[in-house]
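Residue strings, one per chain:
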Amino acid sequence: MELSQFTSSNMGEIIALFTQVFSDSEGVTEGEVVGHLVTELLADKDKVIPFVAMDSGEIIASICFSELVLSSHESAFILSPVAVKTKEQGKGIGQKLINHALNYLRSQGIDFVFTYGDPNYYSRVGFQQISPEQIEAPFELSYPHGWLAQSLNGKDLAVVKCSTQCVSALNKREYW
């Protein structure tokens, strides 16, 4: 398996992957919504860093990290969304890809990473729950215990108090 940053040559394959994975797990409508989100994210090349896992020349997983502006001025990205081909799930591919991307972001001097999802899954790759009162999400959260973060520079998240602003593709209440 090869882990790497996305190249524009596989944009259609990445969008199809997200659409199919979310259609399989959440229904066709959700698949279309996530496919559209990924299309918008990939168009924002200056603020989004996508990664892929490939096996035998086929994309089997993909993740997107997009810039998250913190009022405290530390550098940050948010992980959203994540897709692993349905038949490949449960093999640790997503975790390997996330760890690969986190190492890349760390090497680039990024201070913090955030995500909004299942604490049981994301805690396996170092994310911990944070309070929306401590570090405000871009929108009120429908699932507050899914607001997660980790420090990439060793700074204690508990001392950070700030608000956040996400890229325009994620700047929609329905995603939160």
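What you are looking at is a predicted structure, and each value in this text was computed from that prediction instead of being measured.

Engineer: It is not clear to me how the side chain of serine 62 should be interpreted in this structure. Could you clarify?
Structural biologist: Inspection of the secondary structure assignment puts serine 62 in strand S3 (residues 58–70). Side-chain polar atoms of serine 62 contact the backbone oxygen of phenylalanine 51, separated by 3.0 Å. In this structure serine 62 touches Ile14, Leu17, Phe18, Phe51, Val52, Pro81, Val82, Ala83 and Leu97, once residues within four positions along its chain are discounted.

Engineer: How do you make sense of the environment of arginine 106 when you look at a structure like this?
Structural biologist: Position of arginine 106 relative to the elements: it lies in helix H3 (residues 93–107). Counting along the chain gives 48 residues from arginine 106 to glycine 154, while the straight-line C-alpha distance between them is 10 Å. The contact partners of arginine 106, leaving out residues within four places of it in the chain, are Gln150 and Leu152.

Engineer: For this particular structure, what's the right way to read the packing of aromatic side chains?
Structural biologist: Remark: the centre distance and the inter-plane angle together describe each pair of aromatic rings, the angle taken between the planes. Enumeration according to the criterion identifies eight aromatic pairs in this entry. When the ring of phenylalanine 114 is compared with that of tryptophan 147, the centres are 5.4 Å apart and the planes differ by 25°; the resulting orientation is stacked. In this pair, phenylalanine 114 sits in strand S5 (residues 112–116) while tryptophan 147 sits in strand S7 (residues 147–151), placing the two residues 33 residues apart along the sequence. Summarising the burial analysis for this pair, phenylalanine 114 and tryptophan 147 share the class buried. Ring centres 5.6 Å apart and planes at 20° place the aromatic pair tyrosine 116 and tryptophan 176 in the stacked group. You can see tyrosine 116 sitting in strand S5 and its partner tryptophan 176 sitting in the segment after strand S8 (164–166), a full 60 residues away along the chain. Counting every residue linked through ring pairs, the aromatic cluster contains Phe114, Tyr116, Tyr143, Trp147 and Trp176.

Parameters at a glance
- Residues numbered from 1 in each chain as written.
- Predicted model: local features only at pLDDT ≥ 70, side-chain atom pairs only at ≥ 80, totals over all residues.
- Heavy atoms only, no water.
- Helix = DSSP H or I, 4+ residues; strand = E, 2+ residues; numbered from the N terminus.
- Polar contact = N/O pair within 3.5 Å; in protein donor to acceptor, adjacent residues only side chain to side chain.
- Contact = heavy atoms within 4.5 Å.
- Phe/Tyr/Trp six-rings, centres within 6.5 Å; stacked < 30°, edge-to-face > 60°.
- Buried < 20%, exposed > 50% of the residue type's maximum accessible area, 1.4 Å probe, protein only.

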